[in-house]
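Understanding the architecture of this molecule
Here's the letter readout for the chains.
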Amino acid sequence: MKKNKKIAAIIAAGTFAAAALAGCSNGTASSESSSSSSSSSSETSKASSSSVSITMLNSKMEIQPQLEEMAKKYKEQTGVSIEVYSTANGASPAETIAQKYAAGDPPTLAMLDGTDILTIAKEKAIDLSSEKWASDGGSTYGISIDGTLYSFPFCIEGRGLIYNKTIIEKLTGKEFNPDSIKSMDALKKLMDELVAAGMEHPMVINKEDWSLGAHYLATVYEEQDGTAAGAYKFTEGLKKGTEKLIENKRFNTIMDTFDMLKEYNINKADPMAADYDLNASYVAEGKSAFWFNGNWAWAEISEYVDDSTEMGIMPLVQNTSEDDFANNRLCASGSKQVMIDKIKATPEQQQAAKDFLNWLVYDEAGQSVLVNDCSLVPAFKNITLEVKDPLGQSIKKYVDAGNTVEGFNGCPGDHWSTLGASMQKYLAGQIDRAGLASEVEAYWAKQAK
Amino acid sequence: MAFSPSLFRKNSKISALKGMVQMNEKTLAAKTKTFLMFAGPAVFVFIAVLIVPLIYGVYLTFTSWDGISNNKPFVGLNNYIEVFKDKEFWNSLVLTLKYVAVSVVFINLIAFILAFFVTSGIKGQNFLRAGFFTPNLIGGVVLGFIWRFVFARALVSFGTAFDIDIFSTSWLSDPQKAFWAMIIVTTWQYSGYMMLIYIAGLMGVPKDLTEAASIDGATGFQATRHVVLPMMVPSFVICLFLSITRCFMVYDLNLSLTEGGPFAATRMVAMHVYKKAFEAKQYGTGQAEALILFIIVAIIGITQITLGKRKEVEA
């Protein structure tokens, strides 16, 4: 009896300690077990490369099921197993990758945001400059540091004014061609026509800080001269205090457009009470005609829209000359970037990861995963598959014609929330343009050290 | 106290144990073994999950680590200087202090009244107790989303339909009202939980004391004020401690109800620290701010408990 008790106590203590230890090594244990189960499940693997297995961090949660399906297909085709896991709910890719590196268990392929690549790639990623896909669009939309390409652009996302073509044509009685709107005045004229035809508020503006800060305000940097280098130079000037925002031409034309749009905003009475889902329904159902947002908004719009409604995205037009690039080009960039780890990945794994990226671009099955299964806009010229959703089609049209404004990834991580709050104040009328300019300048000046 | 047979049995067991221990007490190794057998696992876990991270965290405050890089450059006290220059940190700390002060008062006041109400012997009091406790079972994030809908949509439709000025615009789009929305939801969330502790306290007041008071001619109010309340000081101490610390560390509700908005006007200190460390990628500074917050909360908590303990009385 006594002995039994002692044994029980030892067992209890042992399990306790084991549980504590297992907690520390949870990551590796679970990944091992899941990869071994996946390799045993499919017997068709080829003998030559079946030993290689790689991991991939997915930061687009909405396509996780499609990517898991893709991993199965890839395993059947090549014998290489890929374990795809996504960022934890609510965690940013930056947090997840930081945890993974801290735990010594980084993914072979990491899908991250552009800014993350800029901060960590030099230390942790391999050089991808000599890959074949680099010349097919990879070097344009991927991220290079000092001339070395470090990332694979997984998809392109663009932003601008989403329009509901059907409702515009119905109300004005004329055909609507977005290419004919090349200035703020032309847009204002159209909005006045819509108001006269009975639409009370033709414009929708989000109140979200990411929309106002990371998308609207960032246009000011990106459209200085339309290149990332130009945006970098401009923000460096802001840091040093040599650029005066209030005297900057682009800042003023973009904010002029903002002021005009504000007047037509469907949430004008209480702009900070705007609701994202309601916003999507307004533009999808024709209660409103324009929405400043990007092609990712299709996820919400598709909930409300019926199939006969034609939609698209056009540039954020300003009162500059008609041939100004800002009135003709869309802000579109590689929004999810994949890098290959060099810290823990073996050369075989790195090679397998490179092969996989090539498969995505050049194999029909791979292309189909990107375009048909995940409904993404691919960054590569050689992929000719038709993009599914109308907003994506718009983006693809601008991308194919080379009419895009280069994306800028140099904003610090808290730029969107800090200056998003400043833009919210401006939207709600709490500060004027000079006040906004000084808050933006103060933020950048703080980054100087 | 009476010498009961059961107590006697226990004593004989203890002396038997003592004999066992005395046999082993001679060597240090045996002592360590005994200690490790009983306290080992707990000590190990305590060190692994609390002490080591705390020390490592303090170490990180002396570096300018960005959260992911391999090098953690040593910068001495720079982060602490940075904290004192970080105006937004102090603003959000002051805001949090206001929030804590107001919500702690409301939570405990309402919880006590509710507890009094559901122990007074009214019909269906068990059902009411369960009802008041339920909000506490809903997690902070879900709670925030529910109330966001109430403040931003339900109340607005109600206000515009009946022409009530105060509800006709969303509370969450006005900095002042958004702050009060936070307090209302916090009170709603925690008063049921604190009510439970107060109920236990109220039921624990010996009947003979209140009876004696009423025989001596005390009115109901006098009996409550001079007999029940002093007997309940331990409940007040624990409820105040719980509500103060929980309100200080509020993050989930802040995130899901207001997202710190409008214009970052309701960003509580925990959210600011998070943003500093993980969004602005100034891990060292964020960690230093977290440490300062920890010290402030610890000081307030300990002071409150020591002061409260002094007021405790024995029946």
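From a predicted model like this one, the values you see are computed outputs, not experimental measurements.

**Examining the overall build of chain B**
Regarding its fold elements, chain B presents 13 helices and 0 strands. In sequence order, the secondary structure elements of chain B are arranged as α-α-α-α-α-α-α-α-α-α-α-α-α. The C-alpha atoms of chain B give a radius of gyration of 26 Å, which is well past the 20 Å a tight globule of 315 residues would have. Here the C-alpha coordinates of chain B stretch approximately 70 × 65 × 30 Å along the principal axes. In chain B, which comprises 315 residues, the proportion classed as buried is 38%.

**Topic: the overall build of chain A**
For chain A, the count of helices and strands is 18 helices and 11 strands. Evaluated residue by residue, chain A yields a buried proportion of 54% over its 449 residues. In chain A, once contacts between residues fewer than 6 apart in sequence are set aside, the share between residues at least 24 apart is 74%. Counting only carbon and sulfur atoms, one obtains 51% of the accessible surface of chain A, whose full area is about 19200 Å².

**Let's talk about the nonpolar core**
Of all hydrophobic cores here, the largest spans 112 residues; its most connected members are F154(A), Y221(A), L261(A), F290(A), I301(A) and F356(A). Apart from residues no more than four positions distant in its own chain, Y221(A) is found in contact with A231(A), F234(A), T235(A), L238(A), F408(A), C411(A), H415(A), L419(A), V440(A) and W444(A). Core analysis: the second largest hydrophobic core is formed by 50 residues, V118(B), W171(B), L202(B) and V273(B) among them.

**So, helix 16 (residues 390–400) of chain A**
Think of an α-helix as 3.6 residues a turn; residues three or four steps apart then line up on the same face. Residues and elements named next belong to chain A. When you tally the buried positions in helix 16, you get 8 out of 11 residues, the bulk of the element. Here helix 16 has its buried residues at P390, L391, G392, S394, I395, K396, Y398 and V399. Among the residues of helix 16, the N-terminal cap falls to D389, whose side-chain oxygen and the backbone nitrogen of L391 are separated by 3.0 Å. One or two residues past the end of helix 16 sits G402, with phi positive at roughly 75 degrees.

**With respect to the domain arrangement of chain B**
Along its sequence, chain B is carved into domain 1 (5–60) and domain 2 (87–310). On a C-alpha basis, the centroid separation for the pair domain 1 of chain B and domain 2 of chain B is 38 Å.

**What about the packing of helix 9 (residues 209–222) of chain A against helix 17 (residues 415–427) of chain A?**
In a packed pair of helices, the relevant descriptors are the angle between the two axes and the axis-to-axis distance. Residue and element names in this part refer to chain A. Contact pair helix 9 / helix 17: the axes reach a minimum separation of 7 Å and the direction vectors enclose 95 degrees. One element, helix 9, and the other, helix 17, form an angle in the roughly perpendicular class. Residue-level contacts link D209, W210, L212, G213, A214, Y216, L217 and Y221 of helix 9 to H415, W416, S417, L419, G420, A421, M423, Q424 and L427 of helix 17. Looking at side-chain class alone, the contact of helix 9 with helix 17 contains 11 nonpolar, 5 polar and 1 charged residues.

**Let's talk about the confidence of the model for chain A**
Averaged over chain A, the pLDDT score is 82; the fraction of residues at 70 or greater is 88%. Under a pLDDT of 50 for its full length, residues 15–49 of chain A has, in the predicted model, 21 contacts with residues more than four places off or in other chains.

**A closer look at helix 18 (residues 433–446) of chain A**
The end-to-end C-alpha distance of helix 18 of chain A is 20 Å, a good match for the 20 Å that 14 residues give at a rise of 1.5 Å each. What helix 18 of chain A keeps buried is the set R433(A), G435(A), L436(A), A437(A), V440(A), E441(A), Y443(A) and W444(A).

**Section: the pattern of salt bridges**
All names here are of chain A. What the rule picks out here adds up to 25 salt bridges over all chains. Put simply, K165 and E169 hold a salt bridge, and the shortest N to O gap is 3.8 Å. Of the two residues, K165 and E169 both sit in helix 7 (residues 165–172), 4 residues apart, roughly one turn of that helix. Take K165: its relative accessible area is 17%, and that puts it in the buried class. Taking relative accessible area as the criterion, E169 reaches 22% and is therefore assigned partly exposed. The salt bridge involving K425 is made with E439; its shortest N-O contact spans 3.2 Å. Here E439 lies in helix 18 and K425 lies in helix 17, a separation of 14 residues in the sequence. Among the residues examined, K425 registers a relative accessible area of 22% and is labelled partly exposed. What emerges from the salt-bridge pattern is a single network uniting K165, E169 and E310.

**Digging into the packing of helix 4 (residues 87–118) of chain B against helix 10 (residues 233–248) of chain B**
Residues and elements named next belong to chain B. Where helix 4 meets helix 10, the axes come as close as 9 Å, and the angle between the chain directions of the two elements is 140 degrees. Our pair here, helix 4 against helix 10, has a crossing hand that is right-handed. For the pair helix 4 and helix 10, the contacting residues are T96, L97, Y99, V100, S103, V104, I107, N108 and F112 in the first and F236, C239, L240, S243, I244, C247 and F248 in the second. Of the residues assigned to the contact of helix 4 with helix 10, the class counts are 12 nonpolar, 4 polar and no charged.

Conventions and cut-offs
- Residues numbered from 1 in each chain as written.
- Chains lettered and ligands numbered in written order.
- Predicted model: local features only at pLDDT ≥ 70, side-chain atom pairs only at ≥ 80, totals over all residues.
- Heavy atoms only, no water.
- Helix = DSSP H or I, 4+ residues; strand = E, 2+ residues; numbered from the N terminus.
- Rg over C-alpha atoms; globule rule 2.2 N^0.38 Å.
- Buried < 20%, exposed > 50% of the residue type's maximum accessible area, 1.4 Å probe, protein only.
- Contact = heavy atoms within 4.5 Å.
- Areas by Shrake-Rupley, 256 points an atom, 1.4 Å probe, with all protein chains shown as cover.
- Core = buried A, V, L, I, M, F, W, Y, C linked by side-chain atoms within 4.5 Å.
- Polar contact = N/O pair within 3.5 Å; in protein donor to acceptor, adjacent residues only side chain to side chain.
- Domains from an automatic or database assignment.
- Axes fitted to C-alpha atoms, helices over the stretch in contact; angles between N-to-C directions.
- Parallel < 35°, antiparallel > 145°, perpendicular 65-115°, else oblique.
- Nonpolar A, V, L, I, M, F, W, Y, C, P; charged D, E, K, R; others polar.
- pLDDT = per-residue confidence, 0-100.
- Expected span 1.5 Å × (residues − 1).
- Salt bridge = Lys/Arg side-chain N within 4 Å of Asp/Glu carboxyl O.
- Left-handed = near helix turned anticlockwise from the far one by under 90°.

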